[in-house]
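Here is how the chains run, residue by residue.
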Amino acid sequence: MARPKEFQVDEALNRAMEAFWERGFEATSLQDLTERTGVQKASLYGTFGDKRSFFLQSLRRYQDEGAAKLAEHLAQAGPVREVIRSLMLVPLNCQGKGCFCVNTQVELASHDPEIAQTLHDHFTRTTDTIGVALQRGVDSGEFRPELDVCATAEHVLTLLYGLYVVSKGRTDNRSIAMMASVFVDSL
């Protein structure tokens, strides 16, 4: 008879996600994961598989949580321009960690096709969600009717992810806020 799990799987996954997010895949050791989660190596392997599988599960958890938060954020009432502006300020709240997806894109996507596809799918889903909000702005007359919603959504995502990268090394939040405002005011 198998022994019952002596740890909370969701809690362990959340703690691993934080470790991978902070340090990346390569720099996070199995020892780091056992210390962070409080779960022994054999139990981690038995539950999550190898380190790469654990990483992928952590990344997908981050993506699912991020997608839900993004949809909720963009569904806020009020002018779409201001909703987009506040979205562009989200990188200021990540305590210098950047975005787990962007960090992973830089670290692994060029040599790991499965991770590259996972990120591509997430970026597409994110762009689609941003596009819905932009279309709402076009429909309400807030944005010009000829706005290319798809291209603008990709532009928003590119700038947002760029702001995550910039926020990792910058302590001057005013300059990040200014960059976001210059873009949003141009819509």
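No experiment lies behind these values; they were computed from the predicted model shown. (Residues numbered from 1 in each chain as written. Predicted model: local features only at pLDDT ≥ 70, side-chain atom pairs only at ≥ 80, totals over all residues. Heavy atoms only, no water.)

Chemist: What is the right way to read helix H8 (residues 149–169) from this model?
Modeler: Along an α-helix, residues three or four apart share an orientation, since each turn contains 3.6 residues. Relative to the 30 Å expected for 21 residues at 1.5 Å per residue, H8 spans 31 Å between its end C-alpha atoms, a close match to the ideal helical length. The inward-facing, buried residues of H8 contact helix H5 (80–88), helix H6 (100–107), helix H7 (113–139) and helix H9 (173–185). (Helix = DSSP H or I, 4+ residues; strand = E, 2+ residues; numbered from the N terminus. Expected span 1.5 Å × (residues − 1). Contact = heavy atoms within 4.5 Å.)

Chemist: Quick question: what am I supposed to make of the packing of aromatic side chains here?
Modeler: The relation between two aromatic rings is expressed through the spacing of the ring centres and the mutual angle of the planes. One pass over the structure, following the stated rule, counts 10 aromatic pairs. Between Phe20 and Phe54 the ring centres are 6.2 Å apart and the planes differ by 90 degrees, which places this aromatic pair in the edge-to-face class. Highlighted residues: Phe20 in helix H1 (residues 9–23) and Phe54 in helix H4 (residues 51–74), separated in sequence by 34 residues. Each residue in the set Phe20, Trp21, Phe25, Phe48, Phe54, Phe55, Tyr62 and Phe100 is aromatic and connected to the rest through ring pairs, giving one cluster. The ring of Phe25 has Lys51 lying over it, and the distance from NZ or CZ to the ring centre is 4.4 Å. For the cation-ring pair, Lys97 lies above Trp21, with the distance from its terminal atom to the ring centre recorded as 3.7 Å. (Phe/Tyr/Trp six-rings, centres within 6.5 Å; stacked < 30°, edge-to-face > 60°. Lys NZ or Arg CZ within 6 Å of the ring centre and 35° of its normal.)

Chemist: Teacher, can you tell me more about the packing of H7 against H8 here?
Modeler: Packed helix pairs are specified by the crossing angle of their axes together with the interaxial distance, meaning the distance between the axes. Where H7 contacts H8, the axes come no closer than 8 Å and their chain directions differ by 120 degrees. Judged by the angle between their axes, H7 and H8 are oblique. For the crossing formed where H7 meets H8, the hand is right-handed. The residues of H8 that touch H7, namely those facing His122, Phe123, Thr126, Thr127, Ile130, Gly131, Leu134, Gln135 and Val138, are Val149, Cys150, Thr152, Ala153, Glu154, Val156, Leu157 and Tyr161. When the residues that make up the contact of H7 with H8 are grouped by side-chain class, the tally is 10 nonpolar, 6 polar and 1 charged. (Axes fitted to C-alpha atoms, helices over the stretch in contact; angles between N-to-C directions. Parallel < 35°, antiparallel > 145°, perpendicular 65-115°, else oblique. Left-handed = near helix turned anticlockwise from the far one by under 90°. Nonpolar A, V, L, I, M, F, W, Y, C, P; charged D, E, K, R; others polar.)

Chemist: Help me understand unusual backbone geometry in this model?
Modeler: The phi angle of most residues is negative, glycine excepted, and most peptide bonds adopt the trans form. With a phi close to 45 degrees, Gln95 is a non-glycine residue in the positive phi region. Along the chain, Gln95 falls in the loop between H5 and H6.

Chemist: Sorry if this is basic, but what is going on with the pattern of salt bridges here?
Modeler: Side chains that differ in sign of charge can pair as their charged atoms come close. Taken as a whole and assessed by the stated rule, the structure comprises 12 salt bridges. Here Asp32 and Arg23 are joined by a salt bridge, their closest N and O atoms 2.6 Å apart. A salt bridge links Glu146 to Arg144, with the shortest nitrogen-to-oxygen separation between them at 3.5 Å. Residue class for Glu146 comes out exposed when judged on its relative accessible area of 56%. (Salt bridge = Lys/Arg side-chain N within 4 Å of Asp/Glu carboxyl O. Buried < 20%, exposed > 50% of the residue type's maximum accessible area, 1.4 Å probe, protein only.)

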